[in-house]
Structure formats: structure tokens, C-alpha cells
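Report on the structure
The residues making up each chain are set out below.
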Amino acid sequence: MPKEPSPWTLESLVDFEQEIAASTATTTAVRTAVISATRGLEGAAARRVGLRVWLAQMRTTSAGGKFSNALSIVGLILVLGMFLVGISAVLGLLDHERGGINVVLFLAILIGGQWGVLLLAMLAWLMRRRASEGFSGVQLLVGKLARRFAGDRDDAWWQNLMEGGGSPRAAVLWRIARLAQAAGIFFNIGILTGLAGLVLVKHIGFFWETTTELAMHSILETAVKFLSAPWFLWWPGAVPNLSVIEASRWLPSRASGLAPGPSAWWEFLLMATGVWGLLPRAILWLLAWHAGRGSLAALDFQGRSHRALWRALVGVDRIETDEKPLDGVLVLDVGGSGLTVNELRPFLLRRLRVHPAAWHSVAVLDSGAEEEAALALGNAPAGVVLLAEGWSLSPSRMIALHAKIRASAGSQTPIKFLIANVDEARQPAPPNAQEQREWERFVDSLRDPAAEIFIFEKALSSLELHTRE
């Protein structure tokens, strides 16, 4: 079996969508190269290899390279901006009159605020159910800025990428999510820089205040214990104890400013920022990086434009191949067309490249026939051919049948929809153009990488074949 090349990159994915949007005609030589490269591959694996070959032959410019460079520029602006915001946030918390920082406000605004944003983002993600279904406001802004920096005045490739959904859309989302998390990382680095700078160059103190007698003291004590749990044992000096917390309380009767320190507070705040601010962002950056690589590696090209291109490459013109037909496919006559295996065998061998092992009506998968279905599918290593007439499309029925096959045979078993009408002589005939379009839209809507549609066509004569080629 051919070995798949390295996973797609975001740049090549954008270039691919650009070439599809350009609607450049594909030559017979390119189709031949695609079929040759995908010999022995099925489903998504065949698309990943074949469409890479197609892109290499068709690429004219690199919108992907421009977009990637623009993302880098936007990312650099974001991280520098958030770094400065982090420094400014610390400076903004400095009470110049008292000469110190309110530790409660520091924890609530700079640490708690970040976790509030993360929790809202997680809630939005859960409501969408899948990360690839939508962008956050920040991600939309980053994408728009990147396209503007790239000089894209025609957004056709972007629209195709977004509307197609699935792994291609997710790959873009995770790339932009990485930039958002990088900005969060540098925001925390800015906080650390600002706090460390104040401690080094100024005499600042740390305090907290409240109008209650015990509530805030208890809350702050609990918060310190919880936040310092990761480093309490190996650096106890960076954990303010009860006496330090009590001594840091600002009382209205106090007339003088704060004395510098104590060190336990600024060490605690530095560690809290690193552990509860910087570290989660770094972990999320790594998760986004890994998820982005996974999305690119799992590209299935199930968008409507992708499947239409794939049909044009491997399912329209007759291209000679020395690939031997696979033995053992189960043919299910969905609508009782009355066609026989002998009438369709030449087309199955020539176009679908399969030998029929069994021929049944769709009743083989009816309720109560699980054993018969399992036996039939077990004797069909080459997959399933669903034979249907062009006029007989019933989406609800076909969706249920598709689900039954997937439940019995698994997600990797090839399913080939073969659409053929019956003429007056009871012989197979091609469906009309409207029927073909309806079936293609339906099969595309299943978004099943292992499902393909084939339209019956009569064998070409030698003269017709020579004329077409």
C-alpha cells in the first residue's frame, strides 16, 4: 500500500481552497497522476494524497504563504501589545498614596479575571459542542486582520474554508487559538515583569483592607492556602502565613505609608502568576498546537466543493489503470430495480474496480436480520455497493440504511452508492442530470470519508474513447 506523504500544512490548505475558488480546468494528465498516486488507498487517505498531487500540479500563487506570514505579524503585534498591557495592569494597581499594591485586587483582577475569561470560553465551547463550529470574537478579529495584512481582496477561499466545516475549518481555528494563547502567555510575562520591576526599583509594600472584621481575612487566608498548594512544600517562604496576612491589613487609623515588602507577599504573587496565570496558558497553547496538527493530519475533505473536485478527478473520465479489481463486495439493491449481477458486472469491474461476492435486496439489513447482515458483510471485504435508481432517493430512508451499515461494518468499510436507472429494455441506463445532482448532494451531506457515489454510464466504444482522449 502506498505510504501517505507528510500531513498537510495550513499554507497548503489555504492554497488548495484558493485553487478550487479559481475554478481552473483540470487536464487529463493531472487526473492520471492523481489516480496513479492513490492506487491502493481508500476514503480520506486517498483524498489527502490525491488532492496534494492535484495541488502540486495546479498551484499558481501562494495565498497560504501570505496568510501565514500575516498571521505571524498579527501574532507579534498581539504578544507585544499584551506584554505591555500586563506591565500596565500591575502599574495601575500601585496605590501611590500608600506606596503599595492591594493583594486582593491583584489576585481578583489579574489572576481571577483570566480564569473568568477561560471559564466563559469553555462554556461557549461546550454550547457549540465542537471547537470547529465557531470562532470567538478574538479569533474572528485575528482572522480578519491577517487577511487584511495578506492583501486578500477576494475572500472566496476563506468563505470556502469556513463554510466547508470539519477538519479544514478546525485547522484554521486552532492556529488562531494558538495566537490567542500566545498573547495570554505574554500578558502574564508582562505581569511578572511589572511586579519584579517594581520590587527591584521601588520600595513598595503589600496590603489588603476591608470593612468587615473576619470575612475578608478568612477568604484571603483560604485563597492563599489554595493558590500556594503547588509550591507550599518546596518553597514555604513564598507563602504568607497568618501573622504576615494579619500584619498586612490596612487600618483607617494608619497615617504613614507602607513599609517595603514583606517578601512573602511579592514572592507569593510572582508564583501565583506563574502557576495560575502563565502555566495554564502555556498548556492551552500546547493543546492548540497539538489539536491543529491533528486536524491537518485528519483532513477528510468532505466539503461539497472538495467532493465535487474529487469526483471530477477520479469519477468522470475513463482512465486506464492496471490496478486489479478487489474481490468480495456486497451489492444491496435498495429499490428493487430488477437489475442483475450479470448486467452490472462489467461496470463494477471497470469503474468501481470490485468483484461482486453477493447480491441482495436491502431487506438483508432489516430489523431482526442481524446475523444474516453480519454474515453478508463479513463475506464482503471490499465493502458495500448500494444500488439505487435515480428517481428513488428518499433521504430519511437512505440515512437510516447508511447508519445500519456503519453500525454493522464499522466506519472504515467502503460504501459505494451506484445510481443507475432501468430503460425500456430492462437494461441499466444513466440517470438524468437532475437526479445525479440530487444524489451527489445527498451523499456529500453524509460527510462520510469512506462513502463515494458512482453514476452508471455505458462503456465507450473504441472510437469514442479515442475521440475523448
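It should be noted that the structure appears before, not after, this text.
First, a word on scope: everything that follows refers to the structure included in this document. Since the model is a prediction, treat every value here as computed from it, not as a measurement. (Residues numbered from 1 in each chain as written. Predicted model: local features only at pLDDT ≥ 70, side-chain atom pairs only at ≥ 80, totals over all residues. Heavy atoms only, no water.)

**Some remarks on the packing of aromatic side chains**
Put simply, the test is: For Phe, Tyr and Trp, rings pair up if their centres lie within 6.5 Å, where Trp contributes its six-membered ring, and each pair is then called stacked (planes under 30 degrees apart), edge-to-face (over 60) or tilted (otherwise). Counting from the N terminus, the helices are DSSP H or I runs at least four residues long and the strands are E runs at least two residues long. Residue burial is assigned from relative accessible area. The probe radius is 1.4 Å, only protein chains are included, and a residue is buried under 20% of its type maximum, exposed over 50%, and partly exposed in between.
Counted by the stated rule, this structure contains 14 aromatic pairs. Relative to Trp54, the ring of Phe16 lies with its centre 5.7 Å away and its plane at 85°, an arrangement referred to as edge-to-face. Of this pair, Phe16 sits in helix H1 (residues 10-22) while Trp54 sits in helix H3 (residues 43-58), and the two are 38 residues apart along the sequence. Of the two residues, Phe16 and Trp54, neither departs from the other in class, the shared state being buried.

**Quick notes on the sheet that holds strand E1 (residues 94-95)**
Strand-to-strand pairing in sheets goes through backbone hydrogen bonds, with the strands running parallel or antiparallel. Inclusion rule: Any two strands with at least two DSSP-identified bridges between them are counted as paired.
The strand order E1-E2-E3 describes an open sheet built from three strands, whose pairing is mixed. Two strands lie at the open edges of the sheet, namely E1 and strand E3 (205-207), each paired on one side alone.

**Points about the environment of Leu220**
Keep this limit in mind: Should any heavy atoms of two residues lie within 4.5 Å, those residues are considered in contact.
Looking at the element boundaries, Leu220 is found in helix H9 (residues 215-227). Residue classification places Leu220 among the buried residues on the basis of a relative accessible area of 4%. Taking the C-alpha atoms as reference points, Leu220 and Ile245, separated by 25 residues in sequence, lie 8.1 Å from one another. Excluding residues that lie within four positions of it along the chain, Leu220 makes contacts with Val103, Val104, Leu107, Trp208, Ile245 and Trp265.

**Regarding the pattern of salt bridges**
Worth spelling out the cut-off: Salt bridge criterion: a side-chain nitrogen from Lys or Arg within 4 Å of a carboxyl oxygen from Asp or Glu.
Tallied over the entire structure, the rule returns ten salt bridges. For Asp15, the salt bridge identified is with Arg59, shortest N-O distance 2.5 Å. Within this pair, whereas Asp15 is found in helix H1, its partner Arg59 is found in the loop between H3 and helix H4 (63-93), the two being separated by 44 residues in sequence. Among the residues examined, Asp15 registers a relative accessible area of 1% and is labelled buried. What makes Arg59 partly exposed here is its relative accessible area of 38%. Its salt-bridge partner being Glu452, residue Arg47 comes within 2.7 Å of it at the nearest N-O pair. With Arg47 in helix H3 and Glu452 in strand E10 (residues 451-455), this pair connects stretches of sequence that are 405 residues apart.

**Regarding the side chain of Arg281**
With respect to the helices, strands and loops of the structure, Arg281 is situated in helix H11 (residues 263-297). For Arg281, a relative accessible area of 11% puts it in the buried group. When sequence neighbours within four positions are dropped, the list of residues in contact with Arg281 reads Gln114, Leu118, Gln181, Gly184, Ile185 and Asn188.

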